[in-house]
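Residues per chain are reported as follows:
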Amino acid sequence: MNPFLTVPPRPQEELLLELAPSTAGKRVLCNTAGRGQFAFAAAVHAQYVSCHFLDLYHLQQCRTTAGEVPTNLNLVCEADFAAGPFDLAALSFSKQGDGELVRDLLQQAHERLEVSGRMAVTTDNPEDSFLHDELRKLFAKVTRRPGNTGVLYLATKTEPLRKVKNFACEFPFRDGERLIALRTRPGVFSHRRLDGGARALLNEMQIEPGMKILDLGCGSGAVAVAAALRAENVSVTAIDSNPRAIEATVWAAAKNGVTNLQATLDCDGSSLTDASFDLVLANAPYFSNFRIAEHFARTSARSLIAGGTALFVTKTPGWYVERLPKWFAHVEPRPGKNYTIVAAQK
């Protein structure tokens, strides 16, 4: 079942669909703004299609919607695009997207293309100028095809890039007397800086020797690595749905000499063992109308031992105070300057 037959494509994905017949015999790299509709349409014609996701949950949604995946279509959730080379790179972006991540992915896609390969880029912003300007930095000529719901850009690679920008950022932060090194990339939450919510968790968490700790949505790995260094014989498990977050956490663990931390790509807690952690640390994203916060709460309750504690950092404690008693015996908000830590005991 093709996902574009059951779930309407988003505007920028729809703009790409008209190109699917022209992919006959080609090696195609793409991402998706929806459920991989262009990838499945291209796979009907192309030699090979690699569809890239930066969130495991979105990949799983695509698989659930699509059912059977063609043998020449590879759905990939990794920190970077597949190595290639490719004849066509087809990328779709949202007008609310992260500009630095867009630049990173455009550059990566250009690198993956064969010389004479084509790039097709779409946005759901009919008034776009940002993408146009960025593409003109990469290509000698860019064709703009405006539509009512967005814009399609087409360009051909004539030569390799003379200069390739490194979008990663290494920086330290202090946890007590210890300096901890981090390395983040576009797409990782709080790229280039330590998030205030992470700092609030660092200030509140009490790590005792021998603890088993879970960091839900580990991001850069700052909280997980700090927890691993706080006391003897602790064991830290860090999960995130973003492969770049896992990459960042693994890097930080190695850079800071941490060997008692395991980072796993996981969007639903399926890698976790029930009732196995003493402490859960969670900094849930604010989008999705608390859907992710509820998932974090359920996963925390399932993963904690009896008497274990979860610490949730938030700017909107009301939801947590109201909903956490559904899963926890005792809930205590601890207000701070900019964030509240909500402690919940199983």
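All figures in this text were calculated on a predicted structure; none of them were measured in a lab.

Caption draft 1: How the structure looks around the overall build of the protein chain. Summing up its helical and strand segments, the protein chain has 11 helices and 16 strands in all. The C-alpha radius of gyration computed for the protein chain amounts to 22 Å, which stays within 12% of the reference 20 Å derived for 346 residues, consistent with globular compactness. With the principal axes as the frame, the protein chain shows a C-alpha extent of 60 × 45 × 35 Å. Taken across its 346 residues, the protein chain has 53% of its residues classed as buried. Counted over contacts in the protein chain with a minimum sequence separation of 6, partners at least 24 positions apart contribute 66%. In the structure as shown, the protein chain presents an accessible area of about 15,700 Å², 49% of it carried by carbon and sulfur atoms. Charged side chains of the protein chain number 38 positive and 36 negative; the gap between the two group centres comes to 4 Å.

Caption draft 2: Layout of the sheet that holds strand E14 (residues 304-314). Read from one edge to the other, the open sheet built from 7 strands follows the order E12-E11-E10-E13-E14-E16-E15, with strand pairing classed as mixed. Both outer strands of the open sheet, strand E12 (261-265) and strand E15 (330-335), are each paired with one neighbouring strand and no more. Recorded for the sheet is a direction-independent mean angle of 15 degrees between the axes of neighbouring strands. Pairing of strand E10 (residues 212-216) with strand E13 (residues 277-282), which is carried by 4 bridges, proceeds in the parallel orientation. Looking at the pairing, Leu 216 lines up with Ala 282 of E13. Docked against the sheet, helix H9 (residues 243-255) engages strand E11 (235-240) and E12, running at close to 165 degrees with respect to E12.

Caption draft 3: Here's a closer look at the environment of Met 119. Note on placement: Met 119 falls in strand E5 (residues 113-123). A relative accessible area of 1% means that Met 119 is categorised as buried. Every residue in contact with Met 119, bar those within four places of it in the chain, is listed here: Leu 88, Ala 89, Leu 106, Ala 109, His 110, Leu 113, Leu 135, Phe 139, Tyr 153, Leu 154 and Ala 155.

Caption draft 4: View of the sheet that holds strand E3 (residues 73-77). Overall, mixed pairing links the 7 strands, which are arranged E3-E2-E1-E4-E5-E7-E6 in an open sheet. The sheet terminates laterally at E3 and strand E6 (142-146), the two strands that pair on one side only. Here the strands of the sheet are splayed against their neighbours by 15 degrees on average, with no regard to which way each runs. Inspection of the sheet shows strand E1 (residues 27-30) paired to strand E2 (residues 48-53) by 4 bridges, in the parallel sense. Among the inter-strand pairings, Leu 29 is bridged to a residue of E2, identified as Ser 50. Each of E2 and E3 touches helix H4 (residues 56-66); the most contacted strand, E3, lies at about 150 degrees to it.

Caption draft 5: Geometry of the nonpolar core. Core analysis: the biggest nonpolar cluster contains 37 residues, and Met 205, Ile 207, Ile 213, Val 236, Leu 281 and Leu 311 have the highest contact counts within it. Cys 51, Leu 56, Ala 120 and Leu 152 belong to the second-largest nonpolar core, a separate cluster that totals 28 residues.

Caption draft 6: Molecular detail of helix H5 (residues 99-112). Compared with the 20 Å implied by 1.5 Å per residue over 14 residues, the 20 Å span of H5 between its first and last C-alpha is a close match. Among the 14 residues of H5, 11 are classified as buried, and the element is accordingly described as predominantly covered. Among all positions of H5, only Glu 100, Leu 101, Val 102, Asp 104, Leu 105, Leu 106, Gln 107, Gln 108, Ala 109, His 110 and Arg 112 are buried. Looking at the buried residues of H5, the elements they touch are E1, strand E4 (86-93), E5, helix H6 (130-138) and H9.

Caption draft 7: Fine view of the packing of H5 against H6. Two elements in contact, H5 and H6, have axes separated by 11 Å at closest approach and are oriented at 35 degrees. Between H5 and H6 the crossing geometry is right-handed. Every residue of H6 that contacts H5 at Gly 99, Val 102, Arg 103, Leu 106, Gln 107 and His 110 is listed here: Phe 130, Leu 131, Glu 134, Leu 135 and Leu 138. Of the residues contributing to the contact of H5 with H6, the split by class is 6 nonpolar, 3 polar and 2 charged.

Caption draft 8: Representation of the side chain of Ser 92. Tracing the backbone shows Ser 92 in strand E4. Residue Ser 92 is classed as buried on the basis of its relative accessible area, which comes to 4%. One polar contact links the side chain of Ser 92 to the main-chain amide nitrogen of Ala 33, over a distance of 3.2 Å.

Thresholds applied
Numbering of residues begins from 1 in every chain and follows the order in which that chain's sequence is written. Totals for whole chains, interfaces and linings use all residues, but because this is a predicted model, local features are given only for residues with pLDDT of at least 70 and pairs of side-chain atoms are given and counted only at 80 or more. Hydrogen atoms and water are omitted, and side-chain values are computed over all heavy atoms in the structure. Going along the chain from the N terminus, every DSSP run of H or I of four or more residues is numbered as a helix, and every run of E of two or more is numbered as a strand. Radius of gyration: over C-alpha atoms. The globule rule applied is 2.2 Å multiplied by the number of residues raised to the 0.38 power. Residue burial is assigned from relative accessible area. The probe radius is 1.4 Å, only protein chains are included, and a residue is buried under 20% of its type maximum, exposed over 50%, and partly exposed in between. For this analysis, residues touch if any pair of their heavy atoms sits within 4.5 Å. Under the convention used here, a 1.4 Å probe and the Shrake-Rupley method define accessible areas, while residue burial counts only the protein chains that appear. Positive charges come from Lys and Arg alone, negative charges from Asp and Glu alone, with His and the N- and C-terminal ends not counted. Positions of charges follow a simple convention, taking NZ of Lys, CZ of Arg, CG of Asp or CD of Glu. Paired strands are those between which DSSP finds at least two bridges. Between the N-to-C directions of two axes lies an angle of 0 to 180 degrees, each axis being a line fitted to C-alpha atoms and, for a helix, fitted only over the stretch in contact. Here the nonpolar core consists of buried residues drawn from Ala, Val, Leu, Ile, Met, Phe, Trp, Tyr and Cys, with membership extended through side-chain atoms lying within 4.5 Å. To estimate how far a helix should reach, multiply one less than its number of residues by 1.5 Å. Should the near helix be turned anticlockwise from the far one by less than a right angle, the crossing is termed left-handed; should it be turned clockwise, right-handed. When residues are grouped by polarity, Ala, Val, Leu, Ile, Met, Phe, Trp, Tyr, Cys and Pro land in nonpolar, Asp, Glu, Lys and Arg in charged, and all others, Gly among them, in polar. Any N or O atom pair separated by 3.5 Å or less is treated as a polar contact, with the protein-specific requirement of one donor-capable and one acceptor-capable atom, and with residues adjacent in sequence counted only for side-chain atom pairs.

Bear in mind that shape data such as this cannot, by itself, settle questions of function.
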